[in-house]
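# Summary of the model geometry
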Amino acid sequence: MIHSLFVICSSGEVLIERHWAGVTSRAVCDFFWECVNQYSSREEVPPIITTAKYYLISVLRDDIFFLVTTTGEVPPLLAIEFLHRVFDIFQEYFGTVEETTLRENFSTVYQLLEEMMDNGYPLTTEPNVLKAMIRPPTLMGKFASMTTGRSNISDVLPDGTISSMPWRKVDVKYAQNEIYLDIVEEVDCIVDRNGQVVSCEVSGTIQANSRLSGVPDLTLTFVDPEVIDDCSFHPCVRYNRYERERVVSFVPPDGVFELMRYRVNPRQPVSAPIFCSPQLSFDHVHSQGSIALTVGQRPSSLIFPSRRGTLVVEDVEVTVPFSRAVRTANLTVGGGGGTCLYDEAAKVARWTVGKLGRDKTATLNGTIILQAGANQEESPPIQLDWRVPMASVSGLAVAGLQL
């Protein structure tokens, strides 16, 4: 049973608090924030922290902590998944989850939390059902609420609430029936200074957008389902049939939803389609140094485009954290364009390259000023993010979708 939920911003201030089984003192938030300050990075904070009375379970999304408290043994993945679902619902309603958006829509936030959990147990977490009960905030809706005093909460329960398929609306009708499926895969690799892959993990999701009338019963088949190593499904999927036949049988919700998540065990080493060559040097006598980064596309890669055409890497972003010995940095973007922003407080440079063609390289050069008398620490690893549309790492493809 979950007792309370707290939403804490980057400064440690409690933005939202909701209690279901007794009131939890905000002193636990002070204790939690003291634990957060003990780590150099927010991502290093453990998801579970114990106190003399409570278990504190938290997730970090967009520099905002979502924290729940419990006094007894609770499946930790249940609490963590619920916190992620809370963030996803807020993002579905407000577009972005920030301190300002939560403050401006605090009444909607509390209404959603009221419906998502009952007496400490998750209740309604399906976006379509929540939208039928609580209308998303709009400018016209706020104006109408101020003039008429009407609430954005529905007076009746959704039709699917008492049915065996609570995720599906009743009497859905479309003039044109269609459904879209997108396979989105992510590669998380650790690469050494020589460009060799130390470790690699491939995960993916199948996003769906359903616009089908009635109660459609669908069966999704894959070209090579054996590449799926581990998976989790939306509640609409019949898991027993997937275990027997390796097909996904489901009655879809109406609208956009995540059908499944999966992990892939690569049959051969995965190489990223781009490279990053850093050069960092220091002159401790004059308390200064220099940095040079080069980002480009590799001539060959194990990313397989699903259609013919030139492989284009998009949304390339390089995050360069500096050690504490660095006082400031003066960075200049060279060939390839892009923009670079340096955060003096966090000592992190974010270089947004954008689109990177096959024969195109981007460079970043700059000088570094060191703290007087400071000992140079080992520089943290560079993070490189990118996106390749219409491409797949595992080669997973849809063979057919039957109605």
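Residues numbered from 1 in each chain as written. Predicted model: local features only at pLDDT ≥ 70, side-chain atom pairs only at ≥ 80, totals over all residues. Heavy atoms only, no water.

Before going further, it helps to examine the overall build of the chain. Regarding its fold elements, the chain presents seven helices and 24 strands. The long-range share in the chain, meaning contacts at least 24 apart out of those at least 6 apart in sequence, stands at 65%. Accessible surface for the chain amounts to roughly 22,600 Å². Of this, 50% is attributable to carbon and sulfur atoms. (Helix = DSSP H or I, 4+ residues; strand = E, 2+ residues; numbered from the N terminus. Contact = heavy atoms within 4.5 Å. Areas by Shrake-Rupley, 256 points an atom, 1.4 Å probe, with all protein chains shown as cover.)

What follows covers the sheet that holds strand E10 (residues 218-222). An order of E12-E10-E24 is seen for the three strands of this open sheet, with the pairing classed as antiparallel. Edge positions in the sheet fall to strand E12 (248-250) and strand E24 (398-402), since each has one partner strand and no second. Between one strand and the next, the sheet's axes are offset by a mean angle of 15°, whatever the strand orientation. Relative to E24, E10 is paired through four bridges, and the arrangement is antiparallel. Looking at E24, one finds that Leu220 is bridged to Leu401. (Pairing = 2+ DSSP bridges. Axes fitted to C-alpha atoms, helices over the stretch in contact; angles between N-to-C directions.)

Within this structure, the stated rule accounts for nine aromatic pairs. Between Phe32 and Phe65, the ring centres sit 5.2 Å apart and the planes meet at 80°, which makes this aromatic pair edge-to-face. Separated by 33 residues along the polypeptide, Phe32 in helix H1 (residues 27-36) and Phe65 in strand E5 (residues 64-70) bring together distant segments of the chain. This pair shows no difference in class: Phe32 is buried, exactly as Phe65 is. Taken together, a centroid distance of 5.9 Å and an interplanar angle of 90° make the contact between Phe66 and Phe87 edge-to-face. Note that Phe66 is positioned in strand E5 and Phe87 in helix H2 (residues 76-94), a separation of 21 residues in sequence. We note that Phe66, like Phe87, is buried. The structure contains a cluster of three or more aromatic residues connected by ring pairs, namely Phe66, Phe87, Phe90, Tyr93 and Phe94. (Phe/Tyr/Trp six-rings, centres within 6.5 Å; stacked < 30°, edge-to-face > 60°. Buried < 20%, exposed > 50% of the residue type's maximum accessible area, 1.4 Å probe, protein only.)

We note that Asp62 has phi near 55°; this positive angle belongs to a residue other than glycine. You can see Asp62 is positioned in the loop between strand E4 (55-61) and E5.

All right, on to the environment of Thr70 then. With respect to the helices and strands, the residue Thr70 is situated in strand E5. Taking the C-alpha atoms as reference points, Thr70 and Leu5, separated by 65 residues in sequence, lie 9.6 Å from one another. A polar side-chain atom of Thr70 sits 2.8 Å from the main-chain carbonyl oxygen of Met1. A distance of 3.4 Å separates a polar atom in the side chain of Thr70 from the backbone oxygen of Gly72. (Polar contact = N/O pair within 3.5 Å; in protein donor to acceptor, adjacent residues only side chain to side chain.)

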